[in-house]
Every structure is written in structure tokens, then in C-alpha cells.
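# Inside the fold
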Amino acid sequence: SQYSAVDTNPLSVYIMQPIWNKIIKIVPLWIAPNLLTFSGFIMILVNYFLISFYDWDYTASGTSPGLVPTWVWLFSAFTTFCAYALDSIDGKHARRTQSSTPLGELFDHGLDSWATSIFVLSFFSVCSRDNGKTGVSVYTMYTYLSIVLFNFMCSHWEKYNTGVLFLPWGYDISQVVLIAAYLLTGAVGVEVWQKPFLFGYYITDALVILLIGFSLLLSFPQTLYNIHRAHLRKTLKNDSLYEGLLPLVSPLLLFLLLTVWVVLSPGNILAKQPRLFLWMVGVAFSNVSCKVIICQMTSTQPELFHWFLFPLALVVYAAISGLLGWMEEVVLALFTMLVTAAHVHYGVCVGRQLSEHLNIYIFSLKKRVQE
């Protein structure tokens, strides 16, 4: 299927695109577009693990400001900008080198589906978790992450039904806000997040309200409107309502199971291990998303139940029934490792199959030699 995307965001069209068009000129023509995509993702990962090292349980910013060195915040701003730039120019570079392939599209969106959660998890270190005076509760973090991932899912569910990816406005805005937040933290220190700035509200409150407002009042209605318009024009890819809604079943069940675990956990798992739990949420979600992206690209039907749901349901049942007892954290750690390993394995396998099928290398513009 021919890739088509529509970007109507003024920030992107008038400010960012001209910047990317300048940056793209420095990229040598022999570099493979997937290498740009992957480099950006690696930078996000390095940044995430660096922040995790200084702030494993999201308390560093709230307890004793200065625990995370200033250079870490500035490095975060730098890596976020680089990842944003690389993610924005990879497609342009592919067209420039005449190397646009379905593998590139899948590679880009697949890594985006994972990067989305990692951006959010890194940002939580800036505002720190609730310590009674300032910060955000771990439940707010979970809700915030869920809304961002739900938004991501919606734009791909929309493409699954309409054949067009309407790029969400939130993407460019969130990247610019993230970079600004890191620069501000680097310049002023984390204290800036811990003082009310308007009518007794904190900056973090404003961001949460903005995010929820953007998703529920802008992105989601826009998605439904675009699908409705395609329905009126008779350009919908799926005839039945069942087929149209099918991709939403697994993500919704995934969130339902995770939320049940968060709310009913006897050991209060989210408060004990927020970083592990939220990382696991992001990875599981990314895998479910990738399946939908592949179905949307190949015009096939997604399976009703993603396989992650079965082990997750078992773990959640064992946890909330008290069967696991003190083992709950250990089981979470094991399950997180399983899900992460399975996701990486899946990505590698799909990448290799596609590169063989399309007769191209993933990270090189040279054609594969036919055996």
C-alpha cells in the first residue's frame, strides 16, 4: 500500500519543516534512512537509562534537588531534539535517496510506538513523584501514560480504517514542550516545577490539563470525524463495524488488565516499582501497536486477542488474589523482562523477514545479492 500522511499542524508546517529541510542537506546520500530512525531511538534509550541511573524511583527531583546533575537535563534536551530531528527527516531522506520501502515505514512507526512511552517516562523524572508537598502521584503518571499511548493508538487505528495517517498535532507540540522543559530544568533547576506559578497551580498541573484537553477534545474527536468522513465518501477500508473496531480490542483489554492490577494490587505495585511497571506498560503497548501497524500496512485483519494478554491475565489474577504475596515485585520484574525480550525478538524477526522479502538491507542502501 502507498504510504500517505497528512500534516496540518501549523507548528510543524511553518516552523519545523523548514528547519528539517535545512538539516537534511547535511546528511550524506549513502546513509540508509533506517539508520537515521534507529540512531534517534538509541539516543532516546541512552537518555532514559541515564536518567533512570540517577533517579530510579522518580523521587530525586522532589527529595533533594541537585541529585540529578545539571548536565543530565541538558543532555536530555539535546537527545530529545536529535531524536525528534532524525524522526522527522528519515522519510524525507528516503524520498531523497529513492529508498522508500514498507520496511522503512514499519521501522519508523514501530520504533515510534515504543519511543512514545519512553519520552513520557523520562519526563516524569523532571516533575518527580508526589512527596506530600509537590510532584505527581504515580497514579497520575499511569493515567498520563495511558492517555498518550491511547492517542498514538488512535492515529494508527484511524489509518487502519481510512488508509491515511493524519499526523496528530500533539506530536510536534509535545516534542517542543519536552525540549523546553529539559532546558528550563537545566537552567533553573528542578525547583521550578515545585513552586506554584499561576493561581496556586504548578506547571505540571497545567501540562496534565493540556494533555488531557488535547487528547479528549482535539485528537480523539478528530479521529472519529476523519473516519466518519471516509464512511460518507465510501472510502473506508473495512465494511463491517466489527472489522473496523477489531484493532481496538487488544489495546483496550491490555489497559483494562493493567488498570485492574494497579488498583487492586495488595502490595501496591505501582507505588513500589513505578519505573518497572510503567516500562512494562510501554513495551506491551508497543507490541500490540506494531501488530496493528502491520495489519494496516498489509490490509489484513488483526487477531482478536494479542498473546501478551494471556500471561498478563494470569499474572494479574495471581497478584490481586494474593497468591503471589511478597513475590509480586519479583514476578513483575520477570514479566517485564519477558515482555521486553519478546518485543525485541519480534522486531528483529519482522525486520529480517521484510529485508529478505524486499531484497534490501535494513541499515544499508546496497541491494541484497539474490541467492
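Note that this is a predicted model, so its numbers are computed, not measured. (Residues numbered from 1 in each chain as written. Predicted model: local features only at pLDDT ≥ 70, side-chain atom pairs only at ≥ 80, totals over all residues. Heavy atoms only, no water.)

## Overview of the overall build of the chain
We count it as follows: Elements are defined by DSSP. Helices are runs of H or I of four residues or more, strands are runs of E of two residues or more, and each kind is numbered from the N terminus. Both definitions apply: the radius of gyration is a C-alpha atom measure, and the globule rule equals 2.2 Å times residues to the power 0.38. Each residue's exposure class comes from its accessible area (1.4 Å probe, protein chains only) as a fraction of the maximum for that residue type: buried when under 20%, exposed when over 50%, partly exposed otherwise. By definition, residues are in contact when any of their heavy atoms lie within 4.5 Å. Residue exposure ignores everything except the shown protein chains as possible cover, and the areas themselves are Shrake-Rupley values with a 1.4 Å probe.
Counting its regular elements, the chain contains 13 helices and two strands. Relative to the compact-globule value of 21 Å for 371 residues, the chain shows a C-alpha radius of gyration of 21 Å, a close match. Burial status across the chain gives 51% buried among its 371 residues. Put simply, 80% of the contacts in the chain that link residues at least 6 apart link residues at least 24 apart. With the model as given, the accessible surface of the chain reaches about 17800 Å², and the carbon-plus-sulfur share is 70%.

## A few points about a nonpolar patch on the surface
Let me state the cut-off plainly: Patch definition: residues with relative accessible area over 30% and no salt bridge; like charges joined within 9 Å; nonpolar side chains (Val, Leu, Ile, Met, Phe, Trp, Tyr) joined within 5 Å. Salt bridge criterion: a side-chain nitrogen from Lys or Arg within 4 Å of a carboxyl oxygen from Asp or Glu.
Taken together, the side chains of Tyr 242, Leu 304, Phe 305, Trp 307, Phe 310 and Leu 338 define a hydrophobic patch exposed on the protein surface, amounting to about 620 Å² of accessible area. Relative to the helices and strands, Phe 305 resides in the loop between α11 (274-298) and α12 (309-320). You can call Phe 305 partly exposed: its relative accessible area is 43%.

## Structural notes on the packing of helix α2 (residues 33-54) against helix α4 (residues 70-96)
As a reminder of what qualifies: Every axis corresponds to a line fitted to the C-alpha atoms, with the helix fit spanning only the stretch in contact, and the corresponding angles, defined between N-to-C directions, vary from 0 to 180 degrees. Orientation labels follow simple angle bins: below 35 degrees gives roughly parallel, above 145 gives roughly antiparallel, 65 to 115 gives roughly perpendicular, and whatever is left gives oblique. Each crossing gets its hand from how the near helix is turned against the far one by less than a right angle, where anticlockwise is left-handed and clockwise is right-handed.
Relative to each other, α2 and α4 sit at 160°, their axes nearing to 8 Å. Comparing their axes, α4 and α2 come out roughly antiparallel. Here α2 runs over α4; the crossing is left-handed.

## Details of the UniProt feature "transmembrane region" (unreviewed entry) in the chain
Operational definition: UniProt positions are given in the numbering used here, feature names are shortened, and annotations may be inferred rather than shown by experiment.
On the UniProt side, "transmembrane region" (unreviewed entry) is annotated at positions that read residues 26-50, 70-86, 166-187, 199-220, 241-264, 276-294, 306-324 and 330-348 here. Between the C-alpha atoms that bound residues 199-220 there is a distance of 29 Å. The span itself is 82% helix and 0% strand. Taken as a whole, residues 330-348 contains 100% helix and 0% strand, while its terminal C-alpha atoms sit 27 Å from one another.

## Observations regarding the layout of surface pockets
Defined as follows: Buried and open spaces are told apart on a 1 Å grid over the protein atoms alone, a cavity being a set of points where a 1.4 Å probe fits but cannot get out and a pocket being an open set with protein on both sides within 12 Å along at least five of seven lines. Residues with an atom within 4 Å of a point are the lining residues. Grid points are joined across faces, edges and corners, and a volume is the space filled by probe spheres set on the points.
What the second largest pocket holds in volume is close to 490 Å³. In this structure, the second largest pocket is lined by 23 residues; those nearest its centre are Phe 107, Leu 111, Val 344, Gly 347 and Val 348. Mapped onto the lining of the second largest pocket, the elements with two or more residues apiece are α2, α5 (102-127), α11 and α13 (328-358). Per element, the largest residue contribution to the lining of the second largest pocket is eight residues, and it comes from α13.

## Some words on empty space enclosed by the protein
Definition in use: Amino acid classes used here: Ala, Val, Leu, Ile, Met, Phe, Trp, Tyr, Cys and Pro are nonpolar; Asp, Glu, Lys and Arg are charged; the rest, including Gly, are polar.
As enumerated under the stated definition, the model contains three cavities of 30 Å³ or more in all. Size it by volume and the largest cavity reaches roughly 50 Å³. In terms of lining residues, the largest cavity is bounded by Phe 123, Phe 124, Cys 127, Val 136, Thr 140, Tyr 144, Thr 204, Leu 207 and Val 208. Mapped onto the lining of the largest cavity, the elements with two or more residues apiece are α5, α6 (138-162) and α8 (203-232). Taken together, the residues that form the lining of the largest cavity break down as seven nonpolar, two polar and no charged.

## A closer look at the environment of Gln 175
As for its placement among the helices and strands, Gln 175 is situated in helix α7 (residues 169-188). Filtering out sequence-adjacent residues up to four positions away, Gln 175 remains in contact with Thr 80, Tyr 84 and Phe 119.

## Observations regarding the pattern of salt bridges
Counted by the stated rule, this structure contains two salt bridges. Two residues, Lys 159 and Glu 105, come together in a salt bridge whose shortest N-O distance is 2.9 Å. Of this pair, Lys 159 sits in helix α6 while Glu 105 sits in helix α5, and the two are 54 residues apart along the sequence. When its relative accessible area of 4% is taken as the criterion, Lys 159 is described as buried. Two residues, Lys 291 and Glu 303, come together in a salt bridge whose shortest N-O distance is 3.8 Å. Of this pair, Lys 291 sits in helix α11 while Glu 303 sits in the loop between α11 and α12, and the two are 12 residues apart along the sequence. Classification of Glu 303 by relative accessible area gives partly exposed; the value is 45%.

## What about the nonpolar core?
So the rule is basically this: Among the buried residues, those of types Ala, Val, Leu, Ile, Met, Phe, Trp, Tyr and Cys that are joined through side-chain atoms within 4.5 Å form a nonpolar core.
Core analysis: the biggest nonpolar cluster contains 102 residues, and Phe 123, Phe 124, Tyr 142, Leu 258, Trp 261 and Phe 277 have the highest contact counts within it. Excluding residues that lie within four positions of it along the chain, Phe 123 makes contacts with Tyr 144, Leu 178, Ala 181, Tyr 182, Trp 193 and Leu 207.

## Section: the environment of Ser 219
The topology assignment puts Ser 219 in helix α8. Counting along the chain gives 52 residues from Ser 219 to Leu 167, while the straight-line C-alpha distance between them is 9.8 Å. In contact with Ser 219, not counting residues within four places along its chain, are Asn 151 and Phe 214.

## Description of helix α9 (residues 241-264)
An α-helix turns once every 3.6 residues. As a result, residues three or four positions apart point the same way. Our working definition: An expected span of 1.5 Å times one less than the residue number is assigned to each helix. The bend at a residue is defined as the angle formed between two axes, one fitted to the seven residues ending at that residue and one fitted to the seven starting there.
An ideal rise of 1.5 Å per residue puts 34 Å on 24 residues; α9 measures up with 33 Å between its terminal C-alpha atoms. Along α9, the sharpest change in direction is near 35° and occurs at Pro 247. Looking at α9, one finds that the buried residues are Gly 244, Leu 246, Pro 247, Leu 248, Ser 250, Pro 251, Leu 254, Phe 255, Leu 258, Trp 261 and Val 262. Next to the buried residues of α9 lie α6, α10 (269-272), α11, α12 and α13.

## Some remarks on the state of the cysteines
The test is simple: Put simply, a disulfide is two cysteine sulfurs that come within 2.5 Å.
Considering all chains together, one arrives at zero disulfides under this definition. Note on Cys 154: no disulfide assigned, nearest cysteine sulfur contributed by Cys 290 at a separation of 17 Å. For Cys 154, a relative accessible area of 3% corresponds to the buried category. The structure places no disulfide on Cys 290, whose sulfur is separated from the nearest cysteine sulfur, that of Cys 295, by 11 Å. Cys 290 gets classed as buried once you look at its relative accessible area, which sits at 7%.

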